[in-house]
Amino acid sequence: MTSPQVRIEAGARPLKVILARPRGFCAGVVRAIDIVERALDLYQAPVYVRHEIVHNRHVVDKLRRKGAVFVDDLSEVPAGQPTVFSAHGVARSVQEQARARDLPVLDATCPLVTKVHVQGRRYAKSGRTLVLIGHAGHAEVIGTMGQVDAPMHLVSTVADVAALAIPRDTPIAYVTQTTLSVDDTRTVIAALEEAFSDVVGPDVSEICYATQNRQSAVRDLARVSDMLIVVGAANSSNSSRLREIGDEMGLSSYLVDDGDGVDPAWLEGVDVVGVTAGASAPDELVESVIAALARWRSVEVSQLDGVEENIEFSLPPELKRMNDAARAAG
Ligand code: SF4
């Protein structure tokens, strides 16, 4: 553990705040935000973004103040306006709609989500029946199902696998949403392998480094904490999974948008609070949670040792082309 630093002296009873490492922004989120900001620099406002660029209200509001306009459907984008697809990815029908309208598109789909699309298409081409492990209605799941020209069976639990109306000797391939619980996904894959004689798919450890690292870190954090606060949005899949892991490990675990969401009643009888953040939550929101805790208790903050992440994803080639074209135009 790194050495503690005293943050703010407030009450008599000390409260240890231990931060998970890693926590917060992943490379896919950093890249998506960067794409919107560069598009705003290049084209000036407004730049249109289909769906929340990442699932975090603070991030979205900040970009909105800079001139991003968030829309649910491309029909809301005026002709010729630069349009960004969110990190969660989109269905092919959305890409086709953008092409048909000749919209200049910057695709902020996380490369790890694109990798799932490519895997799905490859498995479909090989003639296997496809199973997608994910949560119905999530933007990434809608995008992935719409990227593969073959039927996909969506499952999220072992019970869903048991209910699949597919002959048991059918060759199966699975792909997964990137932000699921790593342990639950392993269980669902094991159920598929138990139910079907011929199953292929990626190892869980290959799906998303950030999901895996944040979930391992929150387990380590839960072992040394009395209570857990996860900073993230309610519609952020990976943030919800972090809170659930705290619950599973027997801790009172709360998901908050920011410091305003912290209830002082949670601190009763608590000496050590673990704090982490989902992949779409900026560190300034973690700071706001620490500041809120310091209003009620004398807070000492430290950080657990953990994996150092140094992954960066390159920007999409369209951005470079558009950048060059704008420069050439003067
Ligand atoms: Fe990409 Fe993983 Fe971040 Fe999702 S959580 S945006 S898949 S790096």
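Residues numbered from 1 in each chain as written. Predicted model: local features only at pLDDT ≥ 70, side-chain atom pairs only at ≥ 80, totals over all residues. Heavy atoms only, no water.

J.: In this structure, what is going on with helix 9 (residues 237-248)? I would like to understand it.
T.: Each α-helix turn comprises 3.6 residues. Residues three or four places apart therefore point the same way. The terminal C-alpha atoms of helix 9 lie 16 Å apart, and with twelve residues this matches the ideal 16 Å at 1.5 Å per residue to within 8%. Residues of helix 9 that are buried: S237, N238, S239, S240, R241, L242, I245 and G246. Packed against the buried residues of helix 9 are helix 8 (209-223), strand 11 (227-231), strand 12 (252-256) and strand 13 (272-277). Looking at the residues trailing helix 9, positive phi occurs at G250, about 85°. (Helix = DSSP H or I, 4+ residues; strand = E, 2+ residues; numbered from the N terminus. Expected span 1.5 Å × (residues − 1). Buried < 20%, exposed > 50% of the residue type's maximum accessible area, 1.4 Å probe, protein only. Contact = heavy atoms within 4.5 Å.)

J.: Is there a simple way to explain the pairing of strand 12 in this structure?
T.: Across five bridges, strand 11 lies against strand 12 in parallel orientation. The partner of V231 across the bridge, within strand 12, is V256. Crossover strand 11 to strand 12 through helix 9 is right-handed. (Pairing = 2+ DSSP bridges. Right-handed = clockwise from strand over helix to strand, strands pointing away.)

J.: How should I be thinking about the pattern of salt bridges in this particular structure?
T.: Should the charged atoms of two oppositely charged side chains come close, the side chains can pair. A complete count under the given rule lists 17 salt bridges for this structure. A salt bridge links R223 to D220; the nearest nitrogen and oxygen atoms lie 2.8 Å apart. Note that R223 and D220 are positioned in helix 8 at a spacing of three residues, about one turn of the helix. Among the residues examined, R223 registers a relative accessible area of 56% and is labelled exposed. R243 is the partner of D247 in a salt bridge, and the nearest nitrogen-oxygen pair spans 2.5 Å. One end of the pair is D247 and the other is R243, both in helix 9 and four residues apart, which spans about a single turn. (Salt bridge = Lys/Arg side-chain N within 4 Å of Asp/Glu carboxyl O.)

J.: I tried to follow the site of the ligand on my own but got confused; where do I start?
T.: Inspection of the region around the ligand gives C26, G28, C110, L112, T178, T179, C208 and Y209 as its neighbouring residues. Looking at the shell around the ligand residue by residue, the classes come out as five nonpolar, three polar and no charged. (Near = heavy atom within 4 Å. Nonpolar A, V, L, I, M, F, W, Y, C, P; charged D, E, K, R; others polar.)

J.: Explain the domain arrangement of the chain here, please?
T.: Interface extent is often summarised as the accessible area lost during association of the parts. What the domain assignment reports for the chain is domain 1 (15-25 + 209-303), domain 2 (28-110) and domain 3 (112-206). Once you take the C-alpha centre of each, domain 1 and domain 3 turn out to be 30 Å apart. Buried area between domain 1 and domain 3, both sides added, is near 850 Å², and the carbon and sulfur share of it is 43%. In this assembly, domain 1 and domain 3 are joined by one salt bridge. Of the charged contacts, one joins D183 and R219 as a salt bridge, the two residues approaching to 2.5 Å between their closest N and O atoms. Applying the counting rule to domain 1 against domain 3 returns six residue pairs in polar contact (both at pLDDT 80 or more). For the side of domain 1 that touches domain 3, the element with the most residues is helix 8, which contributes five residues. Considering only residue class, the side of domain 1 that touches domain 3 consists of one nonpolar, five polar and two charged. (Domains from an automatic or database assignment. Buried area = accessible area lost by both parts, 1.4 Å probe. Polar contact = N/O pair within 3.5 Å; in protein donor to acceptor, adjacent residues only side chain to side chain.)

J.: Just to check I follow, could you spell out the packing of helix 1 (residues 27-43) against helix 2 (residues 57-66) for this structure?
T.: Two quantities define a packed helix pair, namely the angle between the axes and the distance from one axis to the other. At a minimum axis separation of 11 Å, helix 1 and helix 2 run at an interaxial angle of 10°. Viewed along their axes, helix 1 and helix 2 adopt a mutual orientation that is roughly parallel. Contacts from I33, V36, E37 and L40 in helix 1 reach V59, L63 and K66 in helix 2. When grouped by side-chain class, the residues that make up the contact of helix 1 with helix 2 number five nonpolar, no polar and two charged. (Axes fitted to C-alpha atoms, helices over the stretch in contact; angles between N-to-C directions. Parallel < 35°, antiparallel > 145°, perpendicular 65-115°, else oblique.)

J.: So what exactly am I meant to see when it comes to the sheet that holds strand 9 (residues 172-176) here?
T.: Strands pair in a sheet through their backbones, by hydrogen bonds, and they do so in one of two ways: parallel or antiparallel. Read across the open sheet, the four strands follow the order 8-7-9-10; overall the sheet is parallel. Both edges of this open sheet fall to strand 8 (152-155) and strand 10 (199-200), since each of them pairs with a single strand only. Pairing geometry for strand 7 (residues 129-133) and strand 9, over five bridges, is parallel. Considered in strand 9, the bridge of T129 is made with I172.

J.: Please explain the side chain of S225 as it appears in this structure.
T.: Here S225 lies in the loop between helix 8 and strand 11. Classification of S225 by relative accessible area gives buried; the value is 7%. Polar side-chain contacts of S225 include one of 3.4 Å to the backbone nitrogen of G274. Ignoring sequence-local partners within four residues, the contact set of S225 consists of L251, V272, V273 and G274.

J.: Looking at this model, I keep getting lost on the side chain of T83. Mind explaining?
T.: Tracing the backbone through its elements, the reader meets T83 in strand 5 (residues 83-85). Polar contacts involving the side chain of T83 include one to the main-chain carbonyl oxygen of Q81, which spans 2.9 Å. If we skip the residues at most four places from it in the chain, T83 touches Y48, L74, V77, L103, P104, V105 and L106.

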